[in-house]
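Residue-level listing of the chains:
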Amino acid sequence: MEHTKRIEELTNIINEANYNYHTLDNPTISDYEYDKLLNELIKLEEQYPNNKLPNSPTQKIGGVILDNFKKVIHSVPMMSLSNAFNETDLVIFYNRISKIIENPILVSELKIDGLAVSLKYVDGLFVSAATRGNGIEGEDITSNVKTIKSLPLKLPQPLTIEVRGEIFMPQNSFHKLNEERMANEEPLFANPRNAAAGTIRQLDSSVVASRNLDIFVYTLVDPLNHVNKQSEVLGFLSKLQFKVNKEYHLNSSIDDLLNNIKHYDLIRKNLPYDTDGVVVKVDDINLHELIGYTAKSPRWAIAYKFAPEEVITKLNDITFQVGRTGVITPVAELEPVLVSGSVVARATLHNEDFINDRDIRINDYVYLRKAGEIIPEVIKVDLSKRNNQTEFLMITNCPVCNSVLVRKENEADHYCLNEACPARNINALIHFASRVAMDIDGLGQRVVETLNSLGYLNKISDIYKLEQYYDELITIEGFGNKSIDKLIKGINKSKENKADKLLFALGIKNVGAKVATLLLNHFGNLENLFTATIEEMEQIDEIGNVIASSVYEYFNNESNLEIIKELKELGLNLEYEKVLVIEHIFNKKVIVLTGTLTNYSRNEMKALLEERGAKVTGSVSKKTDYVLAGEDAGSKLDKANELNIKVLSETEIMEML
């Protein structure tokens, strides 16, 4: 039939155009012609849905809406790689390989800063995609991956294979997305990797399609069925029309490898995508089994991590922020500069001692980097560019309420002690409603600031009275019935939170989520803290004098007690069901978490370990029993290896749990 032939013809033309444009970077038809052909195909498929082909390019548009992501067990585990952070680490890796293999040939490939994915094809047709997850189990993201324009939905050969690659967001797509989010007053993504991760987990595939993700494919499961070397794998994948990163090299000596690492470090700053290192593998796949594996990574490969990018910019001013506990934080106001993929205009300067130790002054030129590639920090001053800058002087009064600031003995921070300070007040409200505290859906920072400025939110208990003003709130510009309904629902749901959430949300100095749980696990409910003594609190393991004094001071303030009594009358839960510690191998063990976990958040993993009697601490010492190392683990992992402390992968710790 004529329409069947035309559908097939259009499918082939458009798929070839996609391959030429998105994979080969060699467009063969104009955007106008492409759109015209695609629209013709869409109309024909709507008219004759039974004739739509499995590799139809209309799937790149998206439109599938999921309820959730199903779990997928990987047929072959997706192992993580051990890390090298300097040339010495690479030399050690090379020498270790050389003891097993004489004159090894290594292939080096750029490590793309995105998220790993496994792709399956049956008889040449794309059938599924899954995230790495914990390496054993991932999530099915097939519908979303179909929208990636460079990914072939049909291979030129009818092969049944599994390939793996890295999904990423190109920098131009990232900047465009953040511009749109800024215009819509939505939170901006910190970097392209975060944007890609957030995008691929969208339940609406049309949203994914609109954000223009891309993918580099870099390996083949069971490669020996087709080729013998990793360099041949990359060529084989290219012939199958996968997008393969062309920045790879063969290295016949350690000098070759180190020179290529330097080359990568130079060119990465001008690439249209983010890369955070170089993956080095023994090229001959037949030797991999001989070289072997550790419990969590292959011995024949390593990931070299680039040192954080440092840039220089001018420090135009030092301003001051007031936190919810009254702490005053100096902030560097910088000449905007691109650092590790995003523009930075502000960076914390922590406190007076931090500034004085580094002799930082207004109008200095300073070196800037992102700690962990995320948080901007000032490292040092370029003294060669200094002329007559004035030395820094810490302010003596609160920048908001003008109260005299106090620096307590043995502390580096200055505090505004005025509890009625507007800045302290609004930050306390923002913290109370935040995801980590009471998790009130619909009450983000912008909404808190708006309602505070209009007089609806002046103290915490006002949150639970907002429903009384429903008819007024829906008339505020930018709100309306839908957003206020969502807000009221979120507020009422938060009343069901356990009392430890409420205690943490109150913003008591030195009382984090863990301390709140420890206190209530001992005292049973919030009201028992009203009369608790410092000595009683110090009897709790991990509660020292500093924490106990903060809690005692808070609950011996009559205005604070009135707020809590009011919250109880408004229906909030002050009771706490004590957590019974499970008898377990981790009981009384000291555990440190480092790196990014894939299956749990840090807080979730911490809770699981503490339920089993573990003590989760923030630093590695000789007293540490285990270190849980997720992806991108850093100095804590290095210290654990130095002290010969048992390091567990997330998969291993899940099995032990």
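Counting restarts for each chain, with residues numbered from 1 along the sequence as it is written. Only residues with pLDDT of 70 or above have their local features reported here, since the model is predicted, and side-chain atom pairs are shown and tallied only from 80 upward, although totals for entire chains, interfaces and linings are computed over all residues. To obtain the side-chain values, all non-hydrogen atoms of the structure were used and water was disregarded.

A few points about the packing of helix 12 (residues 422–433) against helix 13 (residues 445–453)
- It is the contact of helix 12 with helix 13, at a shortest axis distance of 9 Å, that shows an interaxial angle of 135°. With respect to helix 13, the element helix 12 is oriented oblique. Considering how the two elements wind past one another, helix 12 and helix 13 form a crossing that is right-handed. Side by side, helix 12 and helix 13 meet where Asn-425, Ile-426, Leu-429 and Ile-430 of the first sit next to Gln-445, Val-448, Glu-449 and Asn-452 of the second.
- Among the residues forming the contact of helix 12 with helix 13, the class breakdown is four nonpolar, three polar and one charged. Between N-to-C directions, angles span 0 to 180 degrees; the directions come from axes that are lines fitted to C-alpha atoms, helices contributing only their stretch in contact. The way it works is that DSSP assigns letters per residue, a run of H or I at least four long becomes a helix, a run of E at least two long becomes a strand, and they are numbered from the N terminus. Should an angle fall under 35 degrees it is taken as roughly parallel, and over 145 as roughly antiparallel, whereas 65 to 115 is taken as roughly perpendicular and any remaining angle as oblique. Crossing handedness: left-handed means the near helix sits turned counterclockwise from the far one by under a right angle, and right-handed means the same turn made clockwise. Residues count as neighbours in contact if any of their non-hydrogen atoms are within 4.5 Å of one another. Residue polarity is assigned by list, with Asp, Glu, Lys and Arg as charged and Ala, Val, Leu, Ile, Met, Phe, Trp, Tyr, Cys and Pro as nonpolar; anything else, Gly included, falls into the polar class.

Comments concerning the environment of Pro-192
- Mapped onto the elements, Pro-192 comes out in helix 6 (residues 192–200).
- In this structure, the C-alpha to C-alpha distance between Pro-192 and Gln-171, residues 21 residues apart in sequence, is 6.6 Å.

Re the pattern of salt bridges
- Here, a salt bridge means any side-chain nitrogen of Lys or Arg that lies within 4 Å of a carboxyl oxygen of Asp or Glu. A complete count under the given rule lists 25 salt bridges for this structure.
- In this structure, Arg-407 engages Glu-352 in a salt bridge whose closest nitrogen and oxygen atoms are separated by 3.0 Å. One end of the pair, Arg-407, is in strand 17 (residues 406–407); the other, Glu-352, is in helix 11 (residues 352–357), with 55 residues separating them in the sequence.
- Throughout this description, buried means an accessible area under 20% of the type-specific maximum (1.4 Å probe, protein chains only), exposed means over 50%, and partly exposed covers the range between. On the basis of relative accessibility, which here comes to 35%, the residue Arg-407 falls in the partly exposed class.
- Look at Glu-352 and you get buried, because its relative accessible area is 18%.
- In this structure, Arg-407 and Asp-353 form a salt bridge, with 2.7 Å as the shortest nitrogen-oxygen distance. Placement of the pair is Arg-407 in strand 17 and Asp-353 in helix 11, with a sequence separation of 54 residues.
- By relative accessible area, which is 28% here, Asp-353 ends up partly exposed.

Focus on the pairing of strand 21 (residues 626–629)
- Here strand 21 shows a buried face lined by Tyr-626 and Leu-628 and a second buried face lined by Val-627 and Ala-629.
- In this scheme, strands are said to pair when DSSP sees at least two bridges between them. Of the pairings in the sheet, the one linking strand 19 (residues 590–594) to strand 21 comprises four bridges and is parallel in character. From the neighbouring strand, Thr-594 faces strand 21, where its bridge partner is Ala-629.
- Relative to strand 22 (residues 646–648), strand 21 runs parallel, the two being bridged by three bridges. When the sheet's bridge partners are listed, Val-627 is paired in strand 22 with Val-647.
- Remark: the strand 21/helix 22 (residues 635–642)/strand 22 crossover connection has right-handed handedness. If you view a crossover with the strands going away from you and the path from the first strand over the helix to the second runs clockwise, you call it right-handed.

Overview of the sheet that holds strand 4 (residues 115–122)
- Taking strand neighbours across the sheet as the criterion, the four strands line up as 5-4-7-8 in an open arrangement whose pairing is antiparallel. A single partner strand is all that each edge strand has here, and the edge strands are strand 5 (125–131) and strand 8 (214–220). Strand after strand, the sheet turns through a mean of 35° between neighbouring axes, direction not considered.
- In the sheet, strand 4 pairs with strand 7 (residues 161–168) via seven bridges, with the strands oriented antiparallel. Among the inter-strand pairings, Lys-120 is bridged to a residue of strand 7, identified as Glu-162.

Some details on unusual backbone geometry
- Positive phi is not limited to glycine here, since Asn-402 has a value of about 70°.
- Mapped onto the elements of the fold, Asn-402 is located in the loop between strand 16 (375–381) and strand 17.
- One non-glycine residue with positive phi stands out, namely Asn-510, at about 75°.
- Its place among the elements puts Asn-510 in the loop between helix 16 (499–505) and helix 17 (513–523).
- Relative accessible area serves as the criterion here: at 34%, Asn-510 is assigned to the partly exposed category.

Topic: the packing of aromatic side chains
- Aromatic rings from Phe, Tyr and Trp, with only the six-membered ring used for Trp, were paired whenever their centres fell within 6.5 Å, and each pair was classed as stacked if the ring planes differed by under 30 degrees, edge-to-face if by over 60, and tilted otherwise. As enumerated under the stated definition, the model contains 13 aromatic pairs in all.
- Relative to Phe-242, the ring of Tyr-121 lies with its centre 5.4 Å away and its plane at 85°, an arrangement referred to as edge-to-face. Highlighted residues: Tyr-121 in strand 4 and Phe-242 in the loop between helix 8 (230–239) and strand 9 (248–251), separated in sequence by 121 residues. The burial state of Tyr-121 is the same as that of Phe-242; both residues are buried.

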